[in-house]
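Architecture and fold: a report
So the chains spell out like this:
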Amino acid sequence: MIELLQTGFRLSGGRALLSEINLSVGRGETLVLLGRSGSGKTTLLKLINRLLDPTDGQVLVEGRATADWDAIQLRRRIGYVIQETGLFPHFTIERNIGVVPRLEGWPPDRIRARTIEMMRLVGLPPDQFAQRRPHELSGGQRQRAGVARALAADPPVLLMDEPFGALDPITRSELQREFRSLATSLAKTIVFVTHDVREAMRLGSRIALLEEGRLVAVHSARGFMNASEPQIQRFVASVRDSDGDLSPDPFKGE
Amino acid sequence: MEFLTYIMHNSDRVLRLTVEHLELVGVSIFAATAIGIPLGVAASRNAALKRWSLGFANVTQTVPSLALFGFLIPATGIGASTAVIALALYALLPILRNTCVGIAGVDRAVIEAALGMGMTRRQMLWQVELPLAMGVILAGLRVATVTSVGVATIAAAVGAGGLGTFIFQGLTMVNNNVILAGAVPAAILAVLADAGFGWIERRLSAGLGTA
């Protein structure tokens with residue numbers, strides 16, 4: 001579905017943000033990109049929806065290099081959720097969620113039906129939230145709206161850049177739980193960026209660790225904890241140090 | 001309050017010059033807006049254009065207004081067109097600058113989301129950037145208009161009419177009442193213009209839910 005082949009990205013000054021990345025994301029899987037700030041996670045995400053073009057190698061989406069895609073067409077097939085949500089402050093929630101369908105020229109009643117469906121899906125009762133503006137929502141509610149907006153045009157791929165990073169712990173685990181069941185039922189191909197190991201283990205079918213622009217390793221969520229790479233062990237240890245208990249994961253086996 | 005008596009006796013003339021004044025301001029603000037906003041949009045996409053256009057607008061702003069009117073006479077002659085050009089040049093800076101500032105001030109995350117969702121540049125401009133920059137652009141328009149009402153009194157010096165006619169006439173006659181017959185209505189116009197734009201800005205920010 002998504003493939004990175006010897007992909008690199010360097011700034012015009014020559015500094016490399018990503019080098020020699022080889023990675024593939026299968027249809028319907030949730031791949032978590034884990035790494036510290038500055039490791040290149042967000043850059044990698046932007047290479048997939050062509051907000052950036054690779055300077056080395058290539059990125060394939062549905063078997064086609066992103067450079068050969070029309071950037072606009074490509075982005076409309078890829079849902080995008082970011083930490084700050086980027087909801088349009090001058091639009092109502094309903095209008096925000098319907099943005100991509102409207103860009104795609106859907107008829108108004110279909111947009112409306114789809115918006116209502118999406119609001120129910122993410123747990124925002126339409127009669128209560130449709131006409132509100134983003135600033136009238138809590139952080140968690142805004143993030144739900146952001147997810148609904150990304151899903152509205154039913155894109156096969158979803159990119160999520162630390163979507164729950166700015167939320168309080170209770171809201172975060174609530175959204176993580178809901179995200180897990182959504183991801184399973186919707187069967188989207190998802191690339192999820194986070195710096196939080198626990199989140200990575202909860203949500204990912206596989207986890208890829210990035211460090212200083214290089215891919216350290218990719219493991220299944222289960223295999224990640226016992227992986228032999230020292231960088232991964234450091235990451236896992238940091239969580240153990242902070243509060244000891246990493247497994248059993250409360251959300252595994254749902 | 002003698003000047004009120006003077007205004008009463010010359011009400012037809014006061015009215016005619018007020019209308020002339022409004023025409024000068026209206027036409028020049030319209031021209032400055034028609035140039036300033038598109039130029040500001042283009043400049044916010046192009047650093048070199050931004051530097052040059054803002055530089056040009058800044059320089060015209062530093063030329064004393066009477067001198068600017070004078071400089072234009074050889075090119076455009078005596079009359080309203082000279083006044084309109086000079087006033088438009090003056091109004092250009094606040095409109096241009098605020099358009100640039102307003103667009104640059106749109107939240108990065110909102111721009112990124114708009115791009116990520118597959119908006120074209122044009123769609124982003126009309127649906128996101130301009131609506132969100134509108135408050136700042138209007139504030140620029142407000143400054144430009146209020147200033148312009150004042151500066152337009154000098155237009156009478158190049159034979160463009162307007163309320164400045166009373167002021168220059170009063171100066172030569174050494175008659176304060178005549179000066180006030182021009183100055184007071186001009187001041188009232190400026191206050192009204194300011195209040196009008198203030199009202200529009202409040203309506204807009206209420207509509208945006210950002211008030």
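For chain B, the helix and strand inventory stands at 9 helices and 0 strands. Ordered by position in the sequence, the α and β elements of chain B form the string α-α-α-α-α-α-α-α-α. Considered along the principal axes of its C-alpha atoms, chain B spans approximately 65 × 40 × 20 Å. Of all 211 residues assigned to chain B, the portion counted as buried reaches 48%. Restricting the contact set of chain B to residue pairs at least 6 apart, pairs at least 24 apart contribute 73%. For chain B, the exposed area adds up to about 10,100 Å²; of that, 70% sits on carbon and sulfur atoms. Of the side chains in chain B, 12 bear a positive and 9 a negative charge, and the two mean positions are spaced by 10 Å.

Glancing now at the sheet that holds strand β1 (residues 2–10) of chain A. All names here are of chain A. An order of β2-β1-β4-β5 is seen for the 4 strands of this open sheet, with the pairing classed as antiparallel. Every interior strand has two partners, whereas the edge strands, β2 (16–25) and β5 (64–65), have only one. Across 2 bridges, the pairing between strand β4 (residues 56–61) and β5 is antiparallel. Each bridged residue has a counterpart across the sheet, and for Val 61 the counterpart in β5 is Arg 64. Taken strand by strand, helix α1 (residues 41–48) contacts β1, β2 and β4, and its axis lies near 60° from that of β2.

We now examine the environment of Glu 201 of chain B. Residues and elements named next belong to chain B. With respect to the helices, strands and loops of the structure, Glu 201 is situated in helix α9 (residues 176–208). Taking C-alpha positions, Glu 201 is 35 Å from Phe 3, a pair spaced 198 residues apart along the chain. Excluding residues that lie within four positions of it along the chain, Glu 201 makes contacts with Leu 138, Ala 139 and Arg 142.

What follows concerns helix α7 (residues 139–151) of chain A. Residues and elements named next belong to chain A. Given a rise of 1.5 Å per residue, 13 residues ought to cover 18 Å, and the 19 Å separating the end C-alpha atoms of α7 matches this to within 8%. For α7, a buried count of 10 out of 13 residues is recorded, marking the element as mostly surrounded by other parts of the structure. Residues Gly 140, Gln 143, Arg 144, Ala 145, Gly 146, Val 147, Ala 148, Arg 149, Ala 150 and Leu 151 constitute the buried set of α7.

All names here are of chain A. Read across the open sheet, the 6 strands follow the order β6-β7-β8-β3-β9-β10; overall the sheet is mixed. Two strands bound the open sheet, and with one partner strand each, they are β6 (78–82) and β10 (214–220). Direction aside, the axes of adjacent strands within the sheet are offset by 15° on average. With 4 bridges joining them, strand β3 (residues 30–34) and strand β9 (residues 206–211) adopt parallel strand pairing.

Quick notes on the rules
- Residues numbered from 1 in each chain as written.
- Chains lettered and ligands numbered in written order.
- Predicted model: local features only at pLDDT ≥ 70, side-chain atom pairs only at ≥ 80, totals over all residues.
- Heavy atoms only, no water.
- Helix = DSSP H or I, 4+ residues; strand = E, 2+ residues; numbered from the N terminus.
- Buried < 20%, exposed > 50% of the residue type's maximum accessible area, 1.4 Å probe, protein only.
- Contact = heavy atoms within 4.5 Å.
- Areas by Shrake-Rupley, 256 points an atom, 1.4 Å probe, with all protein chains shown as cover.
- Lys, Arg positive; Asp, Glu negative; His and termini not counted.
- Charge placed at Lys NZ, Arg CZ, Asp CG, Glu CD.
- Pairing = 2+ DSSP bridges.
- Axes fitted to C-alpha atoms, helices over the stretch in contact; angles between N-to-C directions.
- Expected span 1.5 Å × (residues − 1).

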